[in-house]
Amino acid sequence: MKKVVIYTGPMCAHCDWAKALLKRKNIEFVEFNIRNDLTKMKEMLEKSNGSKTVPQIFIDDKHIGGNNELQLLEKEGKLNSLLG
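Residues numbered from 1 in each chain as written. Predicted model: local features only at pLDDT ≥ 70, side-chain atom pairs only at ≥ 80, totals over all residues. Heavy atoms only, no water.

Draft legend 1. The arrangement of the pattern of salt bridges in detail. Within the structure shown, the criterion is met by five salt bridges. Across the pair K47 and D61 runs a salt bridge, and its minimum N-O distance is 3.5 Å. Here D61 lies in the loop between β3 (56-59) and β4 (62-65) and K47 lies in helix α2 (residues 38-47), a separation of 14 residues in the sequence. Owing to a relative accessible area of 28%, K47 belongs among the partly exposed residues under this scheme. Judged by relative accessible area, which is 63%, D61 ranks as exposed. (Salt bridge = Lys/Arg side-chain N within 4 Å of Asp/Glu carboxyl O. Helix = DSSP H or I, 4+ residues; strand = E, 2+ residues; numbered from the N terminus. Buried < 20%, exposed > 50% of the residue type's maximum accessible area, 1.4 Å probe, protein only.)

Okay, structure coming up:
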């Protein structure tokens, strides 16, 4: 299984929806709350080419985008192949 990293923030419904999808699919992930760790915020900005919104999701360091992109990958049946 590939490494999944999700950068999140406080009181973020989109973060919750993305994490719920990953949990429903039994996908393990590492979560970094950028409010609690400013070094992770800087890391997220660098890895995502300046995207400031949360969540920002990465699969094996490949930038997926946010919740909308994650949900679309699932809807189109492409998420499993990215994870496999």
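Now that the structure has been shown, the text picks up again.
Draft legend 2. Quick look at the sheet that holds strand β2 (residues 30-33). Ordered by their spatial adjacency, four strands build an open sheet running β2-β1-β3-β4, and the pairing between neighbours is mixed. A single partner strand is all that each edge strand has here, and the edge strands are β2 and β4. For this sheet the average axis-to-axis angle between neighbouring strands, irrespective of direction, equals 25 degrees. In terms of strand pairing, β3 meets β4 through three bridges, oriented antiparallel. Looking across to β4, one finds that I57 is bridged to G65. Sheet strands touched by helix α3 (residues 67-75): β3 and β4. Its angle to β4, the strand with the most contacts, is close to 95 degrees. (Pairing = 2+ DSSP bridges. Axes fitted to C-alpha atoms, helices over the stretch in contact; angles between N-to-C directions. Contact = heavy atoms within 4.5 Å.)

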